[in-house]
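What follows is the residue order along each chain.
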Amino acid sequence: MKKECIAMLLAGGQGSRLYVLTGDMAKPAVPFGGKYRIIDFPLSNCANSGIDTVGVLTQYRPLELNSYIGSGQPWDLDVSTGGVHILPPYMGSSGGTWYKGTANAIYQNIGFVDLYDPEYVVILSGDHIYKMDYSKMVARHRDAGAACTISVMEVPWSDAPRFGIMNVDGEDNVTEFQEKPKEPRSNLASMGIYVFSWPVLRRYLTEDEQDAASENDFGKNIIPKMLAAGEKLAAYRFEGYWKDVGTLESLWDANMDMLSPESGLDLMDESWPIFARSVSMPTAFLGRNARVTHSAFNRGSDIEGTVENSVLSQGVNVAEGACVSYSVLLPGVQVEAGACVRYAIVGEGCRIGRNCRVGAAPEDTPPEQWGLTVLAPGCRLAEERIVSPGVMLDRNGEEAAR
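Residues numbered from 1 in each chain as written. Predicted model: local features only at pLDDT ≥ 70, side-chain atom pairs only at ≥ 80, totals over all residues. Heavy atoms only, no water.

### Here we look at the side chain of Arg37
On the secondary structure map, Arg37 appears in strand β3 (residues 36–37). In this structure the side chain of Arg37 is engaged in a polar contact, spanning 3.0 Å, whose partner is the side chain of Glu64. Sequence-distant contacts of Arg37, that is, excluding residues within four places in its chain, are made with Met25, Pro28, Ala29, Val30, Pro31, Phe32, Glu64, Tyr68 and Glu348. (Helix = DSSP H or I, 4+ residues; strand = E, 2+ residues; numbered from the N terminus. Polar contact = N/O pair within 3.5 Å; in protein donor to acceptor, adjacent residues only side chain to side chain. Contact = heavy atoms within 4.5 Å.)

Structure below.
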């Protein structure tokens, strides 16, 4: 069954920089924006780009992610001639291992890709918030006659040392790749999104697997080897909203960006919808004394108190007399009467007792002491508990390292 293009979505990361939020789930399964999960974005991009065959490579705590993806129906990826496929590591006749790196993950699934005999393979990450038409990137790849095309975007020069940096010629062909350079010569950062011509990538994956010294990584091994061998690598410039939500701060930032039209993260754009699995809950209820400003909330929410500049997922209750500001509350959070939550990320199923104080505004805290306050899923706070800014609590309400 030949396909011109298929996508391989790397969704097996532990998400260690999200700390307690990913203790029981893979990072791409983390809720986002009140009604989505992080993985909804690359899956929706595939659907909107006309890519109907997607392999989702899972590894770390995949149960919730697997259950959420299901047959792929919410993203119109339940077609019989392709669709979405969960691809965990497996044991074959010659043995098997966990995925050792991004390139090894694709190598272990060469058989799956070969089933579709594609001309092109799009490699995606499962921890980015963005909207991109991959068909335009594939067209750039085809027109350039490239072996690999790398999506890049300009970043502030001060941020460049945190990224893989591409140097390009006048036709945006890649001439040099620097992995997190101390002194970058360009501010074109790799977004970790690639289009490969499959026969070429297949060869490099096989050679990389035979190199005992390799870290089996696209950015550290495959891309530099292709460049050194003289393969044509093209850059595809992306100018829309994009954020790697691999840290607590970036996850909070992206949620706040969703509330700001100036950020460029428009999730109401009907021309490029972000699909998500729907929840079976009643419509949200706002009490007589509720006050909600500049916030997003979802089905099943019961809001009797004050909510401002915040993002609330489904099934969140904010009792009368409680206040929530500049915070992200994941599904099922309960904020009891008199409690106040500021500048926090509160995990699924948390209960914040009466008159608790969780977090604080930056202007109310010495700069060296301020930070986002984070509660692990299932954490329960007794009445009148005070949780200082920058503190992270585990499921048992104990302070966790970060």
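### Comments concerning the packing of aromatic side chains
Scanning the entire structure with this criterion turns up 12 aromatic pairs. Pairing Phe112 with Tyr116 gives two aromatic rings, centres 5.5 Å apart and planes at 65°, and the pair type is edge-to-face. One end of the pair is Phe112 and the other is Tyr116, both in helix α4 (residues 110–116) and four residues apart, which spans about a single turn. Using a relative accessible area of 11% as the deciding quantity, one classes Phe112 as buried. Residue classification places Tyr116 among the buried residues on the basis of a relative accessible area of 7%. Relative to Trp242, the ring of Phe163 has its centre 6.4 Å away and its plane inclined at 50°; by these criteria the two rings are tilted. Taken together, the residues span a long stretch of sequence, with Phe163 in the loop between β8 (148–154) and β9 (164–168) and Trp242 in strand β13 (residues 242–244) at a distance of 79 residues. Chaining the aromatic ring pairs together yields one cluster made of Trp252, Tyr326, Tyr343 and Trp370. (Phe/Tyr/Trp six-rings, centres within 6.5 Å; stacked < 30°, edge-to-face > 60°. Buried < 20%, exposed > 50% of the residue type's maximum accessible area, 1.4 Å probe, protein only.)

### Thoughts on the nonpolar core
Residues Phe32, Ile39, Leu43, Val54, Val56, Leu124 and Leu251 are the most contacted members of the largest nonpolar core, which totals 73 residues. Per-element accounting of this core gives the leading share, six residues, to helix α8 (residues 248–258). Leaving out residues up to four positions away in the same chain, Leu251 has contacts with Leu18, Leu21, Val30, Phe32, Ile38, Val245 and Ile345. (Core = buried A, V, L, I, M, F, W, Y, C linked by side-chain atoms within 4.5 Å.)

### Some thoughts on the sheet that holds strand β14 (residues 285–286)
Reading across the sheet, the six strands line up as β14-β16-β19-β22-β25-β28 and stay open at both edges, with parallel pairing between neighbours. Strands with a single pairing partner mark the edges of an open sheet, and in this sheet they are β14 and β28 (380–381). Judged from the two bridges that link them, β14 and strand β16 (residues 302–303) form a sheet pairing that is parallel. Among the inter-strand pairings, Leu286 is bridged to a residue of β16, identified as Ile303. (Pairing = 2+ DSSP bridges.)

### Some words on the state of the cysteines
Going through the model one piece at a time under the given rule, you end up with one disulfide. In this model Cys148 remains outside any disulfide bridge; the closest cysteine sulfur is found in Cys5, 13 Å from its own. The class for Cys148 is buried, based on a relative accessible area of 0%. Between Cys356, a cysteine without a disulfide, and Cys379, which holds the nearest cysteine sulfur, the sulfur-to-sulfur distance is 9.4 Å. (Disulfide = S-S within 2.5 Å.)

### Some thoughts on the pattern of salt bridges
Within the structure shown, the criterion is met by 16 salt bridges. Ionic pairing is found between Glu209 and Lys100, a salt bridge with its closest N-O pair at 3.2 Å. Of this pair, Glu209 sits in helix α6 (residues 198–209) while Lys100 sits in the loop between β5 (83–87) and α3 (102–107), and the two are 109 residues apart along the sequence. Under the relative-accessibility criterion, Glu209 is labelled partly exposed at 22%. With its nearest N and O atoms 2.7 Å apart, the salt bridge here joins Asp172 to Arg237. Placement of the pair is Asp172 in the loop between β9 and β10 (174–179) and Arg237 in strand β12 (residues 233–237), with a sequence separation of 65 residues. Given the relative accessible area of 17%, Asp172 is considered buried. It is possible to trace a salt-bridge network through shared partners that takes in Glu154, Asp172 and Arg237. (Salt bridge = Lys/Arg side-chain N within 4 Å of Asp/Glu carboxyl O.)

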